[in-house]
Structure formats: C-alpha cells, structure tokens
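Report on the structure
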Amino acid sequence: MTLQVARPAPGIAAAAAIFELRLYVAGQTAKSIAAIRNLERICKTHLAGQYRIEVIDLTKTPQLAAGDQIIAVPTLVRRLPEPIKKILGDLSNEERVLVGLDIQPART
Amino acid sequence: MLDERPPTPCKAPTGIQGLDEITGGGLPVGRPTLICGTAGCGKTMLAMEFLVRGATQFGEPGVFMMFEENATELSANVRSLGFDLEKLAAQKMILLDYVHIERSEIEETGEYNLEGLFIRLGHAIDSIGAKRVVLDTVEALFSGLPNHAILRAELRRLFRWLKDRGMTAVITGEKGNATLTRYGLEEYVADCVIVLDQRIAEQICTRRLRVVKYRGTAHGTNEYPFLIGERGFSVLPITSLQLDHRASVARVPTGIARLDEMLGGKGVFRGSSVLVSGSPGTGKSSISAKFIDAACRRGESALLFAYEESSAQIVRNMRSIGIDLEPWIEKGLLQIHASRPTLHGLEQHLVMMHDAVRAFGPSVVAVDPISNLTLDGHDSDVKPTLMRLIDFLKQQQITTLFTCLSSGGGATLEDSQLGVSSLMDTWLLLRNVEFNGERNRSIYVLKSRGMAHSNQVREFVLSDAGVDLVDVYVGADRVLTGTARVAREAHERTAAEVRRQGHQRRLLRLAGKRKAIEAQIAALQAEAESEAAEVRFAIAQQTLQEQTAQQDTQAMAQLRGAASGNGRIKEEQLPT
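A quick note: this is a predicted structure, and the numbers were derived from the prediction, not measured.

How each quantity is defined
- Residues numbered from 1 in each chain as written.
- Chains lettered and ligands numbered in written order.
- Predicted model: local features only at pLDDT ≥ 70, side-chain atom pairs only at ≥ 80, totals over all residues.
- Helix = DSSP H or I, 4+ residues; strand = E, 2+ residues; numbered from the N terminus.
- Contact = placed C-beta atoms within 7 Å.
- Core = buried A, V, L, I, M, F, W, Y, C linked by C-beta atoms within 7 Å.
- Buried ≥ 20, exposed ≤ 12 C-beta atoms within 10 Å, placed from the backbone.
- Domains from an automatic or database assignment.
- pLDDT = per-residue confidence, 0-100.
- Pairing = 2+ DSSP bridges.
- Axes fitted to C-alpha atoms, helices over the stretch in contact; angles between N-to-C directions.
- Expected span 1.5 Å × (residues − 1).

1. Re the overall build of chain B
- The helix and strand inventory of chain B stands at 16 helices and 25 strands.
- Taking contacts inside chain B between residues at least 6 apart in sequence as the whole, the part at least 24 apart equals 69%.

Below, the structure is given as structure tokens:
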C-alpha cells in the first residue's frame, strides 16, 4: 500500500489501544487541509502517543478508494481498534470526531 | 421540436431485442438514461444487458458500479442469462465495482463531498477505457449518507460529470410513491427515462416497459410487454411492425384430403394462418395433430405449442386416431412445447413462442388452443399481442394453425372468437350436431381468403384409421349426420335392393314364360311331326298295298295267260 504521508505516532507506541487512522483526501483542497489540520490537533490533544495517521490522496492513488469503500472525501477511517469507523467531513466538530472515534476526551 | 430539425442525437444500441426498435436505435450516446421501476421488475438486468451487449456486440467496454449487491452475487445472478461477467472482466471489457456504505460505521463532521466516488468511477473508466457506465442503484447512497442536501448536489454534479466525460450511462432507480424514483432522480437525469413496471392481473404477472421521455428524438410511447428470458431481455414492440409480409402462392396440404378438397382442392396457402374453432370435443386437436403429421410426412419441421395436454399425453391420444407423432419427435422434425397457460401472462407466452420459433425454425406451427392463452387477458390486450405473433410467423413464411375453444354453442360460435378471426386467413368451424340422441361433428369452411372454397357442411369422422370427412346426407328437408345418416343410407340401400330384386323377379318370370312358350312350340311341332309321320305311314301303306295288289294281278294274269287292259282297270278298282 502506497502511503502518501505517514506520520508515526510521536513517543512510544504502546501495545495497548493504538489508533490506526487513515485520512482519505482528494488533492490539496481547503477541505483536505482543514481535515488534516483538525485531525492532527485532535489526536495530539486526546490520543498522545497512541495513534498512527496515514493520509491518502486519492487524486494520486485512486485505486485505493475501493479498499476502504471511500465515496466521500475527506473520510477518516479508524482501522484499529475494531470495529471500523468512518467519519466524513473536514473534522471541524471536535466533539463529534471524538464520539465517532470512540475516544474519551483527555480533558473535560 | 424545433423547425430547423436538430440532428438526432447519436444512439448507443442496447442490443436488446425490441428496445432499440422502440427507441429508434438505442440510448442517447454520452448522456445518462434513467431506468426506474418497482423492486424486481428487471432494472438491474436491463442495465447489465446494456453493458454486456455493449461489450460483446459493440466493442464498448463498460463499468458497472453497484451499490446493492456485490460482484459475486451479481455475476451469479446474470449467469442465468448466459452472461459470463468473470470472463468479460478478465478481458477488461467490463469492470465491476461494488460500492458499499455501512450506515452504522459513518459519522459526519463538517463539510465533505463525494469526490471519492468520482475518483473511483473515473479510475474505473480510465482503467478499461469505458464508454458505458451503469450505476445500480445510486439511490442506495441516500440511506447510507445522512446529509441529503450534500448528496443531491453531488449527484447532480455526478450526472453532469458523466455527461462531460461522454459516458453513455444508465442509472437505475426504485420507483417512489408519487414520483418516478424514490429520491426524485428524474430531476437530475433528464435525457431519457425508461419506466419498467410489473403488474399482476389475475395472479399472473406481466412486465411492461415504457419510454417516458427521450429528449430530442422520436420514440415509441406505448407500453410494451417485455420478458427476461433465457437469452436476456426481450421487448415486444407490438405496433412497430408493418403489414408488409410476402404472400406465397404455394399451398400446404392440411393432411386431410377431403379438407384440402374443400379448400380449393390444394389446402391452405403457405405462410397463412388457419383458425380452427369449435366447442369442446369437436376435434380441434385432432385436426392440428393431423396438420403437423402431414408436415412431418413431407419432411418439414413442425412446432406444436400445447396448452392443455403434456407432450406424452398428446402422443398417446393421437395414436388412438391413427396418428403417430413419436417418430417425428425422435427424428427431430417435431417439437412439442407443452406448458400451462397460467404459467405466464400472454405476453410471456408470446415471447417464448418467438424464441422457440426462432431457435427451431419450423415450417409449420400449431397452437392448441390459443383460447387458453387469452383466458387471463382482456380482449383488448389479446388482439395486438396475437397480431404481433401472427405477423411474425407470416414474415417467416410459417404456416400456422391455431385452435380456439368456443365456449358458447350454436349461433354464438362465430361471435366468440375474441376478434381474432379477422387476423386469420382461413377459418374452419367445427360444430357439434345433436340429433337423434347422439352427437356428431360437422365441419365447414367459414372463410378462406384468396381461394375458392367449398360451402358444404361435411361430417367430421374420427376413427382408428384417422381423420376423415364424409359427405353429410342432405335430404329433401334436412341434413343428417352420424347414425341418422347411416340409417338413412341403409334405408336407401334396402329400397334399392328391393327394387333390384323386383326387377330380377320380373326378368325371371319373363324367362319362365318364354320357356313355357318355347315348350308349347316344341309340343306343337312334335304333334305336327307325328301327324305328318302318320300321313306318311298311311300313304306308304297304301302304296305298298297297291304294289302288292298289282303284283297279285300280274301274277293272276300270268296265271290266266292273258294280259288285258281291262284286267288292269279292274285291278285298280279292286279294294285292297
């Protein structure tokens, strides 16, 4: 699998509760950029050291869209932990992203 | 619409029998076409056939993007129509892409669009150089994606995008309550809309197709019945055919010599249609069996559509009147297609007949009976569909015999033919004649176009020896059939015998008389002869006495020594 941008989780990857996330975008649109930025911010805040993000640009690797059944962009796919979850949109609503990823907020 | 007559849009042939005829060549090239209808009416099949035929017949690769079933399921489903999707996929002629959205996995936050779908589709199109695209059923997205506002905007963009890419697209959609499709796709796809429909009438389902809209081109506007058969989709455009079939002058014997005699001495015209109608038990099936038998005897092939009896039953029953169909079946000259009329609607039956006729290519076809097919339908449905069948058969120059059961008896017979009689060239009417405590069959030619035909009523006789026609007894005051005819004939025979014997007696008497007279003549002659003999005897006796006397006289004269004439005179005077 060709990864466009792979950002290993900062810090030590703990054995437990690693979040494997994939963000599908289509080109460097405002929505894509916003989504990438939002995702990074949320992960740093709530999942420090527990996540791995791949950003896949479908305009460059369109064949990857079928694998995760992507039709909308941006789509964030939580591949691990199971079950698979998908979050559509630019991830601007942090609260809903956390609900969608099933993450306990770090600070209430 | 415009006076300047814009060039008709190019059409992408579907390769589907009948549909290209209705649409005047196919679906609009480079534009999306919406196919909508209720569940199970054949949308997916139509779309798939469009793609498969495009790939196999017209060299246009196609992408099938499905939202409801996956590739394995779809391949299995269309294999029944003889489409091998796996092979086509391996040849890169067809690409199947299954888009699946699991609603429970999805959460929405913020803005998004369906660029992912576009990219997928674009990638699929590019990878095989597709010209045709099917989206089946894109409406599934509505249940997968919560934000319908975005979805609608994106679908509009999708169809626009397909147009821009020059894709001939088919989009399927489920029928909604008051709209053509549940989510109003017809708003976005406005170039061509085809509605499929299935209706149940008296427990029999008939599928129909209608081109609701076809921008910029004329199209058939009627509802056309269609069928998904063994060889895919077929649409029956009833009214698209014209009356332009050839008319053969060759004649085809009916197999019953006396019947041919009634039909101008030679039988019916090749490629004509014959209707044999009559009430139950008048011998319609026997005539059709004889007709088929005769064709097979001539070495021609025949096709029998039976809607009352099974194939084996027909063979057995016809053997009882001396017609053995089995050898013809074994030789491959005869095919019997037996099915229950209620199995399908009329249209489906007709499509099946078409397929069977096309596959077998017979020179004669018999349908026994056609009335069973029409049981379910209303007369208005029956006539055009039947017309289509008859026209089709005529164009193939196939001589056809239809039997038709008339429910009524007597004078209503002529009226109860569902108006199909006007489609027929020859109409034979079989009738039961009840008289003298028995029922007999009579036959006559009601009409026979283009030939001099007998106006006589004949008795129709079925026996071990087969089927035959017998002259009825036409007496001074009535027509007699059956035993009445036989009795009458026997009576006539007796009378003739009596007459003959009378003559003979008189002749005998005459001969006797002549003999008696001859005997009398003989007796008289004998009498005359005996009398003559007596006379002769007397004369002879006298002569003898005279001689004796003379001799005596001479002797006495010698003795007296003197011979005198006196003495002789004396002698003569002497009594003997």
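2. Description of the nonpolar core
- The biggest cluster of nonpolar side chains holds 161 residues, and the ones touching the most others in it are A:Leu23, B:Ile94 and B:Ile292.
- When residues of this core are sorted by domain, at least three fall in each of domain 1 (11–240) and domain 2 (251–471) of chain B.
- Not counting the four nearest positions on each side in its chain, B:Ile292 is found in contact with B:Ala302, B:Leu304, B:Leu334, B:Val364 and B:Ala366.

3. Thoughts on the confidence of the model for chain A
Residues and elements named next belong to chain A.
- Taken residue by residue, chain A gives an average pLDDT of 78. The fraction at 70 or more is 82%.
- By mean pLDDT, the top-scoring element of chain A is strand S2 (residues 19–25) (89), and the lowest-scoring one is strand S1 (residues 5–7) (46).
- Confidence drops under a pLDDT of 50 for residues 1–15, and excluding neighbours within four residues, the segment shows 21 contacts in the predicted structure.

4. Examining the sheet that holds strand S22 (residues 458–463) of chain B
All names here are of chain B.
- If you trace the 9 strands from one edge of the open sheet to the other, you get S17-S16-S18-S19-S15-S20-S21-S22-S23, paired in mixed fashion. Here the strands that pair on one side only, and so sit at the sheet edges, are strand S17 (334–338) and strand S23 (466–471). Pairs of neighbouring strands in the sheet enclose a mean axial angle of 20 degrees, with direction left out of account.
- Two strands pair when backbone bridges link them, and strand S15 (residues 273–278) and strand S20 (residues 426–435) are joined in this way by 4 bridges, in the parallel orientation. Paired with leucine 275 across the strands is tryptophan 427, a residue of S20.

5. Regarding helix H5 (residues 115–128) of chain B
- For H5(B), built from 14 residues, the straight-helix expectation of 20 Å at 1.5 Å per residue is met to within 8% by its first-to-last C-alpha distance of 20 Å.
- Taken together, the buried positions of H5(B) are occupied by B:Glu115, B:Gly116, B:Leu117, B:Phe118, B:Ile119, B:Arg120, B:Leu121, B:Ala124 and B:Ile125.
- Looking at the buried residues of H5(B), the elements they touch are S2 and strand S4 (75–80) of chain A together with strand S4 (62–66), strand S5 (94–98), strand S7 (132–136) and helix H7 (148–164) of chain B.
- A positive phi of about 65 degrees marks B:Gly129, the residue just after H5(B).

6. Concerning the pairing of S20(B)
All names here are of chain B.
- Most of S20 sits out of view: 7 of its 10 residues are buried.
- Here 10 bridges tie S20 to strand S21 (residues 438–448), and the two strands are oriented antiparallel to one another. Paired with arginine 431 across the two strands is serine 442, which belongs to S21.

7. Concerning the pairing of S7(B)
Residues and elements named next belong to chain B.
- Counting buried positions along S7 yields 5 of 5 residues, so the element is predominantly enclosed.
- Because side chains alternate across S7, one face comprises the buried residues Arg132, Val134 and Asp136, and the other comprises Val133 and Leu135, equally buried.
- As paired strands, S4 and S7 are joined by 5 bridges and run parallel to one another. Looking across to S7, one finds that methionine 66 is bridged to aspartate 136.
- Here S7 pairs with strand S8 (residues 168–174) via 4 bridges, running parallel. Paired with arginine 132 across the strands is threonine 168, a residue of S8.

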